[in-house]
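As a plain string of letters, each chain reads:
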Amino acid sequence: MHSSSISIWFFIGVLLTIYGALILGYGVSEWVTGHYANVQLVHYHAPIWWGAILLALGLFYDLKFKPSPK
Amino acid sequence: MVPLLTTAAGQSISSLAMFFQPGKTLAHLTALDVIVIAVYFAMVLWIGFYLKKQANTSEEFFMAGREMTAWIAGLSFVSANLGSLELMGWAGSAYQYGILAAHWYWIGAIPAMLFLGLVMMPFYYVSKTHSVPGYLKLRFGESSRVLAAVSFGFMTILMSGVNMFAMAVVMKVVLGWDITFSIFVSSIAVAIYVTLGGLRSAIFNEVLQFVLIWAGALLVPILGLIQAGGWHNLQAKILLNYHNQDYTHMWRGMDHFANNPMGVHWTGIVFGLGFVISFGYWTTDFLVVQRVLAANSLRSAQMAPIIASVFKMAVPFIVILPGLLGLVLLQNPDGTLMHLVGENALSAANPHSYNEVLPLLMVRYCGPGLLGLGITALIAGFMSGMAGNVSAFSAVWTYDIYQPHINKNATDSHYVAIGRWATILGVMVSIGAAYLVMNAQGIMDYVQALFSFFIAPLLGTILAGMFWKRATSAGGFWGLLAGTFTSVGLYIWVKINHSALSIVAFSPNAKDMAENLYRALWSFVVCVGVTFVVSMLTKPKTLDELSGLVYGATVIPYEGPVPLYKNHWFWASIVIVVFFILNLIFW
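All values reported here derive from a predicted model rather than from experimental measurement. (Residues numbered from 1 in each chain as written. Chains lettered and ligands numbered in written order. Predicted model: local features only at pLDDT ≥ 70, side-chain atom pairs only at ≥ 80, totals over all residues. Heavy atoms only, no water.)

## Quick word on the packing of aromatic side chains
Residues and elements named next belong to chain B.
Piece 1. Under the definition given, this model contains 40 aromatic pairs over all chains.
Piece 2. Ring centres 5.3 Å apart and planes at 55° place the aromatic pair F275 and F279 in the tilted group. Linking F275 with F279, this pair stays in helix 12 (residues 266-284), spanning 4 residues, or about one helical turn.
Piece 3. Ring centres of Y281 and W282 lie 5.0 Å apart, and the angle between their planes is 80°; on these two criteria the pair is classed as edge-to-face.
Piece 4. Judged by its relative accessible area of 0%, Y281 falls in the buried class.
Piece 5. On the basis of relative accessible area, W282 is assigned to the buried category, the value being 0%.
Piece 6. Here the aromatic residues F115, F123, F275, F279, F467, F524 and Y551 are joined through ring pairs into a cluster of three or more. (Phe/Tyr/Trp six-rings, centres within 6.5 Å; stacked < 30°, edge-to-face > 60°. Helix = DSSP H or I, 4+ residues; strand = E, 2+ residues; numbered from the N terminus. Buried < 20%, exposed > 50% of the residue type's maximum accessible area, 1.4 Å probe, protein only.)

As structure tokens, this is what we get:
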């Protein structure tokens with residue numbers, strides 16, 4: 001790969017971070033307000049743990065593959 | 001899975017007629033879902049613009065500078081094949097046929113991927129060819145290359161259009177989006193990022209899309225399995241609901257054509273799918289092979305298909321399992337079990353068809369944000385497939401048609417410009433093909449069949465070329481031509497006289513799926529036979545001329561010792577053991 005290039009894993013990290021934050025944020029707001037979406041298994045709070053997993057993975061890739069200054 | 005053949009997506013694409021139900025939508029997006037989708041489009045365009053400065057030479061534009069690591073090449077390799085049609089179509093097939101559909105992911109992919117990495121990759125890589133038709137030129141001469149390049153270019157771009165149309169129809173049904181809007185937004189995005197960044201951009205986005213597909217689709221089987229009470233409870237419920245069908249065993253009903261819902265025999269699965277079609281697709285289709293040719297070393301090129309095979313083995317978890325879950329979890333509003341049907345059997349009582357099983361499950365479990373992520377996974381799947389098509393078309397057009405036959409002595413920058421224009425042209429022709437299909441849906445079946453005509457004989461030609469020094473240029477060309485005509489001829493014969501099926505597929509009980517498998521087998525056998533006979537009658541090349549192209553005349557470069565965990569034979573052994581264990585578990 002080009003030595004000065006941004007790794008694909010960094011792009012993936014950014015995307016997962018954004019998605020994780022959005023979905024986790026929605027899940028928390030559901031929990032706090034008590035207004036749940038009309039889907040099955042809401043008591044498993046999938047947006048919270050799935051969002052948290054995406055966020056954690058995203059942050060890991062962001063940090064591990066962050067572009068180094070030239 | 002082998003998506004571009006009648007045996008695979010043929011089923012899913014032809015079933016898409018059911019999507020033409022005006023006014024019906026399965027899901028409604030919230031603002032959060034729209035943001036999730038918009039972020040994805042912004043990201044792929046960012047990648048395209050960012051990589052533009054790294055696509056200045058032809059080697060950079062068409063081969064990604066041959067700088068991809070094994071992981072990136074491997075994930076891109078498997079992602080280029082994992083389109084949204086495959087996700088939805090094979091989930092629908094699993095609902096219809098049960099776990100038999102997993103054959104297209106396991107025996108229909110894993111042995112061929114390992115063979116590519118362990119045995120064939122050295123010849124592709126050492127010859128430094130830019131394409132599969134390019135290898136045919138080196139081994140068999142110009143006529144074989146032209147035949148392979150023209151058929152590949154034509155069919156690739158047509159398939160791209162068919163997939164584009166199918167994706168747009170899916171978006172219309174699931175979300176109510178206008179077909180033209182879906183076609184133009186997604187294809188323009190693909191055109192921008194592939195035109196700007198070339199193969200590197202296509203590969204980067206394919207890796208991104210692969211991660212997204214898992215992030216968006218994995219939640220459905222997890223929650224579904226929880227609700228079904230685990231795998232064993234799921235099996236028990238399927239048995240309870242569908243007494244006469246074995247939906248959860250892969251090989252038990254394969255002893256006779258009439259004993260399984262696909263109407264196939266194990267010989268068709270093992271030799272037709274597991275050998276000819278699977279090896280033909282995974283080892284000779286330039287759409288996937290191009291990704292591995294972009295690897296940064298021979299070792300990476302060999303490891304990439306092995307890494308890909310690991311993920312390929314796992315794909316049934318997000319595709320086949322949801323289909324099985326749909327058999328017991330989907331319910332009508334009144335609480336009764338929902339029955340999905342074929343496109344010809346839709347009615348007020350059964351308003352949903354097999355192909356809707358995945359979106360129906362997404363809507364069942366995914367609220368705002370997660371639903372957007374699931375839809376993004378479907379869009380990402382489509383775009384990765386289309387980017388694969390147009391980037392491969394661009395390379396074959398420029399290297400195998402334009403450069404040797406139209407303008408031999410142009411500058412490197414001129415060929416890069418031609419590649420960019422070929423990408424745009426490819427997208428435009430794809431859009432045209434999409435509208436052509438929209439106005440004549442029957443074409444989709446023929447397009448699927450057309451593509452299958454070229455894959456099986458091409459395998460015969462490539463294998464003869466790589467592993468038989470005596471194979472001559474005339475043998476390669478006439479074998480390829482004879483195999484292709486055999487495939488076309490058998491297809492027409494069965495279309496005209498359906499009773500011919502009992503000869504082509506060895507049984508009057510054989511169904512379309514079996515016909516595809518055995519037709520491929522026949523065309524392969526004819527190709528190899530004609531190649532053998534003609535080669536014996538014509539003058540072979542010298543050993544020097546075959547250096548770097550044929551087994552026994554090529555010195556495979558030794559790249560030094562590596563620890564066990566980096567050895568491709570070690571990992572391939574693990575993959576093949578897991579492959580056998582999975583087949584035994586679900587026997």
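Picking up where we left off.
## Remarks on the pattern of salt bridges
All names here are of chain B.
Piece 1. Counted by the stated rule, this structure contains 6 salt bridges over all chains.
Piece 2. Between R200 and E67 there is a salt bridge; the shortest N-O distance is 3.0 Å. Within this pair, whereas R200 is found in helix 9 (residues 179-217), its partner E67 is found in the loop between helix 3 (58-63) and helix 4 (70-79), the two being separated by 133 residues in sequence.
Piece 3. Residue R145 pairs with E142 through a salt bridge whose shortest N-O separation is 3.2 Å. Of the two residues, R145 and E142 are both situated in helix 8 (residues 142-175); the distance of 3 residues between them amounts to about one turn of the helix.
Piece 4. Residues participating in the shared-partner salt-bridge network are E142, R145 and D400. (Salt bridge = Lys/Arg side-chain N within 4 Å of Asp/Glu carboxyl O.)

## Quick word on the nonpolar core
Burial of nonpolar side chains together is a common tendency in soluble globular proteins.
Piece 1. If you look at the biggest cluster of nonpolar residues, it comprises 220 residues, and the most contacted ones within it are I8 of chain A together with Y40, Y124 and M383 of chain B.
Piece 2. A per-element tally of this core places helix 9 of chain B first, with 19 residues. (Core = buried A, V, L, I, M, F, W, Y, C linked by side-chain atoms within 4.5 Å.)

## Brief notes about the confidence of the model for chain B
Residues and elements named next belong to chain B.
Piece 1. Looking at chain B, the pLDDT average stands at 84 and 93% of residues meet or exceed 70.
Piece 2. Throughout residues 1-22 the model reports pLDDT below 50, and contacts reaching past four residues in sequence, or to other chains, amount to 96 contacts.
Piece 3. Interface scoring of the predicted complex returns ipTM 0.93; its pTM is 0.85. (pLDDT = per-residue confidence, 0-100. Contact = heavy atoms within 4.5 Å.)

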